[in-house]
Amino acid sequence: MSSLPTGRDELLALVAAIRPGPGGVHLTQLCQWLRSGLGAARVRLVLADGREFAWPGRPAPFRRSRRVALTAGRERVGELFLELRFLPLGRRRERLLTEVTDLLGPALRAAVLQSELDRSLESARGHAERVAAVRRRAFAERDAERRDIERDLHDGAQHHLVALGMTLGLLELHARNNDQTALQEQLRRLRKGLDRAESALFLTATGGSPLLQEAGIYPALLAEFRDAGSQVRLDLREWDTARRYEAAVELAVYFICLEAVNNARKHASDAEVVVRVADSPAGLAFSVTDNGPGLNRRDLQGSSGMVNIRRRIVAVGGRIQLRSAPAGGTAVHGFIPF
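Residues numbered from 1 in each chain as written. Predicted model: local features only at pLDDT ≥ 70, side-chain atom pairs only at ≥ 80, totals over all residues. Heavy atoms only, no water.

(A) The arrangement of the overall build of the protein chain in detail. Looking only at helices and strands, one finds nine helices and nine strands in the protein chain. Expressed as a percentage of the 338 residues in the protein chain, the buried residues total 41%. For the protein chain, the exposed surface amounts to about 19400 Å²; the carbon and sulfur share of it is 52%. (Helix = DSSP H or I, 4+ residues; strand = E, 2+ residues; numbered from the N terminus. Buried < 20%, exposed > 50% of the residue type's maximum accessible area, 1.4 Å probe, protein only. Areas by Shrake-Rupley, 256 points an atom, 1.4 Å probe, with all protein chains shown as cover.)

Take a look at the structure:
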């Protein structure tokens, strides 16, 4: 606490400079200054909002008390109570008390208004920060949804588009050879492929395959690869078709298998692809292997499909392993523990 004012002018200057906040005059400190300047035993200041400040803190032994109203214009802003050792105060101190109260009322009112303004500004800043945080969160959520849609399109619809491209290639070949029987068969496959592509887009839009949701991984994968002929083979010898898993787990395994098969078809169009799923008390295991030419390290590192696969497996607490080498085929092994 700073030293006491040494005279009338210094005391009045301090009263006039009252303001709230850091660097301002604390009203308990003001009571100490008034006690010294007016020669009182104790000074107590009661504001209109009920707050009290006093010096010294504890009441003094009974003495004569004097109450002075503090106003700013017609507004009452508080009251000043002086516990006096002697009455009257004397001409000099009476004049000082009048000057102090004339200044103190408007000064307190200004301090209260400044304090209210500061609180309003702080509330406005807090509101602005909350709005900014909500906007940032909304942008982040929207961006995450966009990435999810992009990933689902890549993992789902692209798988069918690749298959449609291969079917079109066979159509061109059979058309050049004028093989009407094979041409009609490929047209049938093309129509079914278009239906599957439409279903994949529905999957992306709704966030789930109706067949996957209703029946589980086995029927959904079986439907996906039913028309793949001998190129894609499902190994379900260690799979309990009656067992179901959490929706997020089934969706992750379903999409990872589609993505891995899609990669195999792109990089090893003539290779046999084996999709294996197996469950056990320890967890769910799955793999997609092919006997194609394999991938080099650069292809593996630059594969957006592998990025999506890793994101999906991490999201459900699993792990993934990719093994591939030139002329050695490719194998994707995944495991989700329970």
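(B) Geometry of the sheet that holds strand β7 (residues 283-290). One open sheet holds the five strands; their spatial order is β5-β6-β7-β9-β8, and the pairing between them is mixed. Across the chains shown, the open sheet's two edge strands, defined by having one partner strand only, are β5 (232-235) and β8 (319-324). Each strand of the sheet is rotated relative to its neighbour by a mean of 10°, with strand direction disregarded. Relative to strand β9 (residues 330-337), β8 is paired through six bridges, and the arrangement is antiparallel. Counted as the bridge partner of S324 is T330 from β9. (Pairing = 2+ DSSP bridges. Axes fitted to C-alpha atoms, helices over the stretch in contact; angles between N-to-C directions.)

(C) How the structure looks around the packing of aromatic side chains. Taken as a whole, this structure holds two aromatic pairs when the rule is applied. A centroid spacing of 5.7 Å and a plane angle of 35° characterise the contact between W239 and Y245, whose relative ring orientation is tilted. Using a relative accessible area of 8% as the deciding quantity, one classes W239 as buried. The exposure class assigned to Y245 is buried, which follows from its relative accessible area of 11%. Over the aromatic face of F81 sits the side chain of R44, whose NZ or CZ is 4.4 Å from the ring centroid. (Phe/Tyr/Trp six-rings, centres within 6.5 Å; stacked < 30°, edge-to-face > 60°. Lys NZ or Arg CZ within 6 Å of the ring centre and 35° of its normal.)

(D) Broad picture of helix α6 (residues 217-224). Along α6, the positions that sit buried rather than exposed are I217, A220, L221 and E224. Projected down its long axis, α6 shows its buried positions confined to an angular sector of 95°, all on one face. (Arc of directions from axis to C-beta.)

(E) Summary view of the environment of A247. Structurally, the position occupied by A247 is in helix α7 (residues 247-267). Residues A247 and Q213, spaced 34 residues apart in sequence, show a C-alpha to C-alpha distance of 7.3 Å.

(F) Molecular detail of the packing of helix α1 (residues 8-16) against helix α2 (residues 27-38). For the pair α1 and α2, the least separation of the axes is 11 Å and the interaxial angle reads 155°. By the criterion of interaxial angle, the relationship of α1 to α2 is roughly antiparallel. The crossing of α1 and α2 is left-handed. Across the interface between the two elements, L11, L14 and V15 of α1 pack against L30, W33, L34 and G37 of α2. Along the lines of polarity and charge, the residues of the contact of α1 with α2 split into six nonpolar, one polar and no charged. (Parallel < 35°, antiparallel > 145°, perpendicular 65-115°, else oblique. Left-handed = near helix turned anticlockwise from the far one by under 90°. Contact = heavy atoms within 4.5 Å. Nonpolar A, V, L, I, M, F, W, Y, C, P; charged D, E, K, R; others polar.)

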